[in-house]
Amino acid sequence: MEPPTHRAEPPAHRVESPAYRAEPPAHRVEPPAHRAESPGWSAPLQRGSRRLPPEEPPGLTPPPHPERSGGGHGLPVATPPPRRPESDPLLAHGGGHATEPVPVPQPVESPAPEEPEEPREPEAGTTPEPTPRTTSEPDPAPREKRAPGHPDEWLGIVLVTGTDTEVGKTITTAAMASAAQDAGLRVAVIKPGQTGINTGEPTDAEVVTRLAGPETVRTLAEYPEPLSPLAAARVAGMPALDLFDVVDAIRAEAEKHDLVLVEGAGGLLVPMGLRPSGEPWTFADLATTLGANMIVVARAGLGTLNHTALTLEALNRRGVPARVILGAWPGEPELVHWANLSELVPHLVGALPQGAGSMDPGVFRRSAPGWLTPALHGVLDNWRVWAEEAG
Ligand SMILES: Nc1ncnc2c1ncn2[C@@H]1O[C@H](COP(=O)(O)OP(=O)(O)OP(=O)(O)O)[C@@H](O)[C@H]1O
Ligand SMILES: C[C@H](N)[C@H](N)CCCCCC(=O)O
Ligand SMILES: [Mg+2]
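So, how was this worked out
- Residues numbered from 1 in each chain as written.
- Chains lettered and ligands numbered in written order.
- Predicted model: local features only at pLDDT ≥ 70, side-chain atom pairs only at ≥ 80, totals over all residues.
- Heavy atoms only, no water.
- Helix = DSSP H or I, 4+ residues; strand = E, 2+ residues; numbered from the N terminus.
- Contact = heavy atoms within 4.5 Å.
- Areas by Shrake-Rupley, 256 points an atom, 1.4 Å probe, with all protein chains shown as cover.
- UniProt positions renumbered as here; feature names shortened; annotations may be inferred.
- Polar contact = N/O pair within 3.5 Å; in protein donor to acceptor, adjacent residues only side chain to side chain.
- Near = heavy atom within 4 Å.
- 1 Å grid on protein atoms, 1.4 Å probe; cavity = no way out; pocket = protein on both sides within 12 Å on 5 of 7 lines; lining within 4 Å.
- Sits in = over half its atoms within 2 Å of the grid points.
- Nonpolar A, V, L, I, M, F, W, Y, C, P; charged D, E, K, R; others polar.
- Salt bridge = Lys/Arg side-chain N within 4 Å of Asp/Glu carboxyl O.
- Buried < 20%, exposed > 50% of the residue type's maximum accessible area, 1.4 Å probe, protein only.
- Donors = N, O, S within 2.8 Å, 3.2 Å for Na, K, Ca; no water.

1. Observations regarding the overall build of the protein
Step number 1: A count of helical and extended segments in the protein gives 13 helices and 10 strands.
Step number 2: Contacts in the protein between residues far apart in sequence, at least 24 positions, make up 79% of those at least 6 positions apart.
Step number 3: Accessible area of the protein: about 17,000 Å², with a carbon and sulfur share of 53%.

Laid out in structure tokens, this is it:
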């Protein structure tokens, strides 16, 4: 039987994506020595004016550095033998930006939703009622315009996902909030869907409030069972999160804050709720609808290269600028942790020490800027020094 004709040709965007090329781009076989020669591999990411060309999402390549002439260096390349930091120029190089002042934040313009109706803001800790939209209404188009300087200006709305659940998204969100507040920014943290509230564990909002105490913390919907938000809504017979209620709530906070951090549930493609059409939506859909950057929190240990690559690839195919933060760098790092750090450095904008979540809030807040690069309003500028001191 002939396959359906629509399967004969992949969608145009797939043809254009490096991830679908038959031959890997030349930069993927760039010998490791090149990384050592380029300050871009070790320099912390800076604010810049570069914008991602929409016709060529970066696949698994790291973002080009302004000083680099070549392309990026993907995760799935022939990797050199893991190097100890003593012999690893990649980790040894700082960016030399420690003395640069934290850039003055510029509020990011958040265009109002195109919906004619008034945005309805769900109350904290309550489940929003579904918005009365008809299925004939088209979903609002994703925002076309990104803030100038993306993806290295982390202001406005920033989404936080993970390579999995329990990777440290909440602790990382708290650290990002702390560093931004320390830099003088007004910060809000939003958890659209909190599940598992009957487990007795503190909610993510409570953890962020305790550790970072941002100006605003909101949970848009809470569900009893520790499941994906959509599954938890269904088993509880409660309304599922409406994508556009969440968009409205986030944009409302963006009007009043310099930085709005939004923490997902589990990983990137976990079903979060339902569109007015009845179709499920994911955290990736939220990013494209808002035109927001994404932080991917990843584990430091074995398995993280694959999980991180999968998540970055999914984001890159959607044109969502993304960077990575290690949620918990171990106190006694082993070979695999050094190897993973070396591989992930081009994507990294931060790394938290294991145990950060158990710190006294005052210590946590004072320490947080040291775990994040200047792109995230921190002061981390030398991965080797950081990793040695944390370990
Ligand atoms: N750096 C850290 N220091 C101390 N504890 C940590 C750290 N990172 C994570 N944890 C612990 O690991 C567990 C998972 O972390 P966290 O709650 O942040 O995960 P998550 O990615 O937000 O998961 P979820 O999908 O449930 O939101 C928690 O018990 C948390 O206290
Ligand atoms: C309850 C848990 N801690 C998270 N909040 C929800 C994680 C959902 C993961 C769904 C999945 O990927 O299978
Ligand atoms: Mg969490």
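2. Section: the UniProt feature "binding site: substrate" (unreviewed entry) in the protein
Step number 1: Residues annotated by UniProt as "binding site: substrate" (unreviewed entry) correspond here to Thr195.
Step number 2: With respect to the helices, strands and loops of the structure, Thr195 is situated in strand 2 (residues 187-195).
Step number 3: Within the structure, the side chain of Thr195 is placed 2.8 Å from the backbone oxygen of Leu227, a separation counted as a polar contact.

3. Section: the site of ligand 1
Step number 1: The environment of ligand 1 is formed by 18 residues, the closest being Thr165, Lys169, Thr170, Gly355 and Ala356.
Step number 2: Thr165 places a side-chain nitrogen or oxygen 2.8 Å from an oxygen atom of ligand 1.
Step number 3: Within the backbone of Gly357, a nitrogen or oxygen atom sits 3.0 Å from a nitrogen atom of ligand 1.
Step number 4: In isolation ligand 1 has 620 Å² of accessible area, and contact with the protein removes 73% of it.
Step number 5: Counting atoms within 2 Å of the grid points, the majority share of ligand 1 lands in the largest pocket.
Step number 6: Residue assignment for the shell around ligand 1 shows that the elements contributing at least two residues are helix 5 (169-182), strand 5 (259-267) and strand 9 (322-329).
Step number 7: No other element matches the three residues that helix 5 contributes to the shell around ligand 1.
Step number 8: The class makeup of the residues in the shell around ligand 1 is five nonpolar, eight polar and five charged.

4. Topic: the pattern of salt bridges
Step number 1: Across all of its chains, the model carries eight salt bridges by this definition.
Step number 2: Residue Arg186 is joined to Glu215 by a salt bridge in which the shortest nitrogen-to-oxygen separation is 2.5 Å. Remark: Glu215 occurs in the loop between helix 6 (204-211) and strand 3 (216-223) and Arg186 occurs in the loop between helix 5 and strand 2; sequence separation between them is 29 residues.
Step number 3: Under the relative-accessibility criterion, Glu215 is labelled partly exposed at 42%.
Step number 4: Measuring nitrogen to oxygen at the nearest pair gives 2.7 Å for the salt bridge that ties Lys191 to Asp204.

5. A word on the coordination of the magnesium ion (ligand 3)
Four donors placed tetrahedrally about a metal ideally form angles of 109.5 degrees, and six donors placed octahedrally ideally form angles of 90 or 180 degrees.
Step number 1: The coordination sphere of the magnesium ion (ligand 3), as far as protein atoms go, consists of Thr170 (OG1), Asp204 (OD) and Glu263 (OE), spread over 2.0 to 2.3 Å.
Step number 2: Along the chain, the residues donating to the magnesium ion (ligand 3) are arranged with the sequence spacing T-x33-D-x58-E. In this pair, Asp204 sits in helix 6 while Glu263 sits in strand 5, placing the two residues 59 residues apart along the sequence.

6. What about the site of ligand 2?
Step number 1: The local shell around ligand 2 consists of Thr165, Thr195, Pro226, Leu227, Ser228, Gly266 and Val270.
Step number 2: Thr195 is positioned such that a nitrogen or oxygen atom in its side chain is 3.4 Å from a nitrogen atom of ligand 2.
Step number 3: Coverage of ligand 2 by the protein chains reaches 60% of its 390 Å² of free accessible surface.
Step number 4: Among the detected pockets, ligand 2 sits in the largest pocket.
Step number 5: For the shell around ligand 2, the class distribution of residues is three nonpolar, four polar and no charged.

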